[in-house]
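Chains, contacts and geometry: an overview
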Amino acid sequence: MASEALELMGFFLGLFGMLGTLVATVLPYWQTSAHIGSNIVTAVNNVRGLWMECVYQSTGSFQCETYNSMLALPSDLQAARALMVISIVLSIHAIAMSTLGMQCTLCLEGSGAVKSRVAGAGGGLFLTAGFLALIPVAWTTHEVVQTFYRPNVPASMKYELGECLYVGLASALVTMLGGGLLCVSCCEEQDGGRGRRHGGGYPYPVGGNMPGIGVRTTSQTYRNPTLQVGGISAPSRGQTLVRSTSNSSHLSTHGAQGVKKPAAAGYDITGYV
């Protein structure tokens, strides 16, 4: 149950992070004009993004102009575009893989460890997508801050941090957190499954030179301690259940007087093979 909760939490965190990254990529509020020094006119506000540059006037008009040439853009802006788009694509693939691998879905049911590995792969894609989205956001933030404090740059060309930078930063961190939770839940599920596979079974004694047993084999001898015949316990009568090396099971009863007794209900050894 704990791994299922971690998977659901990681999936929804990754989904919300992908939506936030998409919003930060599309909207132009990466840089807003700084009203300092001689540039104190607040009637016009310039905003810049990855795809367009817009002008917002106090009268309510909002005009945007897209960048006409992609090759004429600065190299950092081109890299920011590519990284944000790749991050969104990886997040979409991570959502699909996590949906297939989570325990609450019926996809890949009965495939064993493959299902948990698919969920872990989705978590790894979320981690990669969040890291790729974090790079352009952090780089643009660094450039805006460095340009703002340069004394040789005119006040009209200085910008401040836009809302999309905050949204992109939060979305990248949330996406990475969701991917980490998915990876942790995958590791916990594999450890729990390994413990369940090797932890079951009933500790039957191994037959050796036991008195009263006429059958000598090299396989394990399973004895039913609850079998009672005529008020005398089964070990004194020599009641044994032998599993031979040829994978065939038979019941050998050797009584004190050589009388063959009916077999009582014993353990179902098919569950311990």
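These figures come from a predicted structure and were not determined experimentally.

Quick look at helix 2 (residues 75-101) now. Spanning 27 residues, helix 2 covers 38 Å between terminal C-alpha atoms, matching the ideal 39 Å at 1.5 Å per step. Taken together, the buried positions of helix 2 are occupied by Leu-77, Ala-80, Arg-81, Met-84, Ser-87, Ile-88, Ser-91, Ala-94, Ile-95, Ser-98 and Gly-101.

In this structure's numbering, the residues bearing the UniProt feature "transmembrane region" (unreviewed entry) are residues 12-30, 79-97, 118-139 and 165-187. End C-alpha to end C-alpha, residues 79-97 measures 27 Å, and it is 100% helix and 0% strand. Secondary structure within residues 118-139 divides into 100% helix and 0% strand; the distance between the first and last C-alpha atoms comes to 32 Å.

Right, let's get into the packing of aromatic side chains. With the rule as written, the count across this model stands at 3 aromatic pairs. Arranged with centres 6.0 Å apart and planes meeting at 55 degrees, the rings of Tyr-56 and Phe-62 form a pair that is tilted. Relative accessible area serves as the criterion here: at 41%, Tyr-56 is assigned to the partly exposed category. Judged by centre distance (5.3 Å) and plane angle (85 degrees), the rings of Phe-148 and Tyr-149 are edge-to-face. We note Arg-48 situated over the ring of Tyr-159; from NZ or CZ to the ring centre the distance is 5.3 Å.

Moving on to the packing of helix 2 against helix 3 (residues 113-148). Remark: helix 2 packs on helix 3, axes separated minimally by 8 Å, with the N-to-C direction vectors making an angle of 160 degrees. By the angle between their axes, helix 2 is roughly antiparallel relative to helix 3. Where helix 2 crosses over helix 3, the handedness of that crossing is left-handed.

Cut-offs used in this document
- Residues numbered from 1 in each chain as written.
- Predicted model: local features only at pLDDT ≥ 70, side-chain atom pairs only at ≥ 80, totals over all residues.
- Heavy atoms only, no water.
- Helix = DSSP H or I, 4+ residues; strand = E, 2+ residues; numbered from the N terminus.
- Expected span 1.5 Å × (residues − 1).
- Buried < 20%, exposed > 50% of the residue type's maximum accessible area, 1.4 Å probe, protein only.
- UniProt positions renumbered as here; feature names shortened; annotations may be inferred.
- Phe/Tyr/Trp six-rings, centres within 6.5 Å; stacked < 30°, edge-to-face > 60°.
- Lys NZ or Arg CZ within 6 Å of the ring centre and 35° of its normal.
- Axes fitted to C-alpha atoms, helices over the stretch in contact; angles between N-to-C directions.
- Parallel < 35°, antiparallel > 145°, perpendicular 65-115°, else oblique.
- Left-handed = near helix turned anticlockwise from the far one by under 90°.

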